[in-house]
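Remarks on the overall topology
For reference, the chains in residue letters:
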Amino acid sequence: MKYVSLFLLSALVSGAAWAGPQQSATATDHSKHAMRAQPAAPTKQDTFAAYDKDKNGFVSKAEATKHPKAAMFGMSDANKDGRLDRSEFAMMESM
C-alpha cells in the first residue's frame, strides 16, 4: 500500500510539472472583453452621492436597488424611515 501511495503521489507531482503554465497568443488577447466591460464602481468617497440620484441627502430604497448590498437596506435603516442617511448607508456598506 505504501508503494502504491508513493507511486500515485509521484505521478501527481510529475503531471503537475508537465501541466505548468501554458500561454498562447489568444490567452493574452483581452480585446473581446472590452465590449462587455462593466463601468467601474464608484469610489468610497462618492458612493453615497452616486446612489443619491435626487440629491436630497438620503438614499431611498428605490435608489439603492442596484447597490450590491441592497438586501441589507432594511437592517441598515436604523430609524425605519425608508431611506438611508450617510451613516446608515455606511453601515449598509460595511455589512
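Everything here concerns the structure above.
Structural notes on the packing of aromatic side chains
- Counting across every chain of the model gives two aromatic pairs.
- For the ring pair Phe48 and Phe89, a centre distance of 5.4 Å and an interplane angle of 80° mean the geometry is edge-to-face. Highlighted residues: Phe48 in helix 2 (residues 47-51) and Phe89 in helix 4 (residues 86-94), separated in sequence by 41 residues.
- Residue Phe48 is classed as buried on the basis of its relative accessible area, which comes to 5%.
- Overall, Phe89 belongs to the buried group, its relative accessible area being 2%.
- Put simply, the rings of Phe48, Tyr51 and Phe89 touch in pairs and so form one group of aromatic residues.
- Over the face of the ring belonging to Phe58 we find Arg83, whose NZ or CZ atom lies 3.6 Å from the ring centre.

The rules behind the values
- Residues numbered from 1 in each chain as written.
- Predicted model: local features only at pLDDT ≥ 70, side-chain atom pairs only at ≥ 80, totals over all residues.
- Heavy atoms only, no water.
- Phe/Tyr/Trp six-rings, centres within 6.5 Å; stacked < 30°, edge-to-face > 60°.
- Helix = DSSP H or I, 4+ residues; strand = E, 2+ residues; numbered from the N terminus.
- Buried < 20%, exposed > 50% of the residue type's maximum accessible area, 1.4 Å probe, protein only.
- Lys NZ or Arg CZ within 6 Å of the ring centre and 35° of its normal.

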